[in-house]
Amino acid sequence: MTDAAALPGQPRGAVVSGPATERAVNVLAPNASAMTLDGTNTWILSEPGSGLAVAVDPGPLDEAHLLNVRDTAERLGKRVALTLLTHGHADHAEGAGRFAELTGSPVRALDPALRLGDEGLSAGQAVEIGGLELRVVPTPGHTHDSLSFHLPADRAVLTGDTVLGRGTTMVAHPDGRLGDYLDSLRRLRSLTVDDGVSRVLPGHGPVLEDAQGAVEFYLAHRAHRLAQVETAVEDGYTTAPEVVAHVYADVDRSLWPAAELSVRAQLEYLSEHGLI
């Protein structure tokens, strides 16, 4: 989900398909909504000069989009040899099975139920295709199976729904947990500090050119929302719908169902830490 405010340094407006870094090209799925922003970003990654490519998050089960992703890779002189999933939400993963049929590529994910092929993904694992190197970064919280992919050669990280290109994301309680999410944001911050990551290639919205600023914003935003929820409970708003109506009054009502999932995760976190 997205709040109204844009991230620091983030241009407003629609994301478009096309090159984002030397090794990353975006193909935008036609599934724009309040929850998906401009649509799902399907990323085609390849090493310059290589004939092989990796597709990250084929997106929804939309035949035209899936064909467009395959054909875009072919126009670039690439064959999709591997498909990766950041997590299992339908707007990222529903089309993976059909995309595998169209490309002949295996599908790798953290969740075994999403895999097509013998191999999965694990924390810290290096994935290499045609000279391209990706490193698997566990970033649970939005969902239990959320992963990010570090692209060292471009000083970039693909974040799925953990960090969006505009606004903020939800913690999809009960599958997602706030404590895990905060740890994941800190892990991403470490990438920006220790590994020189400067660019976020998100699952929705435009590319972020200030990765550290974006992650710091997310951490500050979460701390602010958590404090608001704690205060709301102290003021007598005891149920999740009551807290949403009070704390998220400035957010489009169409996003309140998603906000309620985040609030439930926040209430659980506060309870577990003895704060309410």
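The structure we're discussing is the one just above.
These numbers were taken from a predicted model, which means no experiment stands behind them. (Residues numbered from 1 in each chain as written. Predicted model: local features only at pLDDT ≥ 70, side-chain atom pairs only at ≥ 80, totals over all residues. Heavy atoms only, no water.)

## A look at the overall build of the protein chain
- Counting its regular elements, the protein chain contains seven helices and 11 strands.
- The C-alpha atoms of the protein chain give a radius of gyration of 18 Å, which matches the 19 Å a tight globule of 276 residues would have.
- For the protein chain, the spread of C-alpha atoms along the principal axes amounts to about 60 × 40 × 35 Å.
- Of all 276 residues assigned to the protein chain, the portion counted as buried reaches 55%. (Helix = DSSP H or I, 4+ residues; strand = E, 2+ residues; numbered from the N terminus. Rg over C-alpha atoms; globule rule 2.2 N^0.38 Å. Buried < 20%, exposed > 50% of the residue type's maximum accessible area, 1.4 Å probe, protein only.)

## A closer look at the pattern of salt bridges
- Summed over all chains, the structure comprises 15 salt bridges.
- A salt bridge links E22 to R23; the shortest N-O distance between them is 3.3 Å.
- Since its relative accessible area comes to 11%, R23 is described here as buried.
- Measuring nitrogen to oxygen at the nearest pair gives 2.6 Å for the salt bridge that ties R23 to D154. Of the two residues, R23 sits in the loop between β1 (18-19) and β2 (24-28) while D154 sits in the loop between β9 (147-151) and β10 (156-160), which places them 131 residues apart along the sequence. For the pair R23 and D154, one class covers both residues: buried. (Salt bridge = Lys/Arg side-chain N within 4 Å of Asp/Glu carboxyl O.)

## Focus on empty space enclosed by the protein
- Overall, the coordinates contain two cavities of 30 Å³ or more when judged by the stated rule.
- Roughly 40 Å³ of volume is contained in the largest cavity.
- If you go around the largest cavity, the residues you meet are V157, T159, V163, L188, L191, T192, V197, V200, A211 and V215.
- Elements that contribute at least two residues to the lining of the largest cavity include exactly β10, α4 (178-194) and α5 (211-234).
- The element best represented in the lining of the largest cavity is α4, accounting for three residues. (1 Å grid on protein atoms, 1.4 Å probe; cavity = no way out; pocket = protein on both sides within 12 Å on 5 of 7 lines; lining within 4 Å. Points joined across faces, edges and corners; volume = space filled by probe spheres on them.)

## Here's the deal with the packing of α4 against α5
- One way to put it is that α4 packs onto α5 with a least axis distance of 9 Å and a crossing angle of 155 degrees. With respect to α5, the axis of α4 lies roughly antiparallel. Where α4 crosses over α5, the handedness of that crossing is left-handed. For the pair α4 and α5, contact is made by L178, Y181, L182, L185, R186, L188, R189, T192 and V193 and by A211, Q212, V215, E216, Y218, L219, R222 and L226, respectively.
- Its residues placed into classes, the contact of α4 with α5 shows 11 nonpolar, two polar and four charged. (Axes fitted to C-alpha atoms, helices over the stretch in contact; angles between N-to-C directions. Parallel < 35°, antiparallel > 145°, perpendicular 65-115°, else oblique. Left-handed = near helix turned anticlockwise from the far one by under 90°. Contact = heavy atoms within 4.5 Å. Nonpolar A, V, L, I, M, F, W, Y, C, P; charged D, E, K, R; others polar.)

## A look at the packing of aromatic side chains
- As enumerated under the stated definition, the model contains one aromatic pair in all.
- Geometrically, the ring pair formed by F217 and Y218 is edge-to-face, given 6.3 Å between the ring centres and 65 degrees between the ring planes.
- Classification of Y218 by relative accessible area gives buried; the value is 1%.
- One Lys or Arg, R225, reaches over the ring of Y248 and ends 4.2 Å from the middle of that ring. (Phe/Tyr/Trp six-rings, centres within 6.5 Å; stacked < 30°, edge-to-face > 60°. Lys NZ or Arg CZ within 6 Å of the ring centre and 35° of its normal.)

## Concerning the environment of E119
- Mapped onto the elements of the fold, E119 is located in the loop between β6 (107-108) and β7 (126-129).
- As for E119 and P106, which are separated by 13 residues in sequence, their C-alpha atoms are 8.5 Å apart.
- With residues up to four places along the chain from it excluded, the contact list for E119 reads V107 and R108.

## With respect to the nonpolar core
- Grouped together as the largest cluster of nonpolar side chains are 37 residues, with contacts concentrated most on V163, L178, L185, Y248 and V263.
- Put simply, the parts of the chain that give this core at least two residues each are α4, α5, α6 (240-247) and α7 (256-272).
- Counting residues per element, this core draws most heavily on α5, which supplies eight residues.
- Setting aside chain neighbours within four positions, we find V263 in contact with A240, V243, V244 and Y248.
- Within the second largest apolar cluster, 21 residues are counted, among which are L121, I129, L151 and A156. (Core = buried A, V, L, I, M, F, W, Y, C linked by side-chain atoms within 4.5 Å.)

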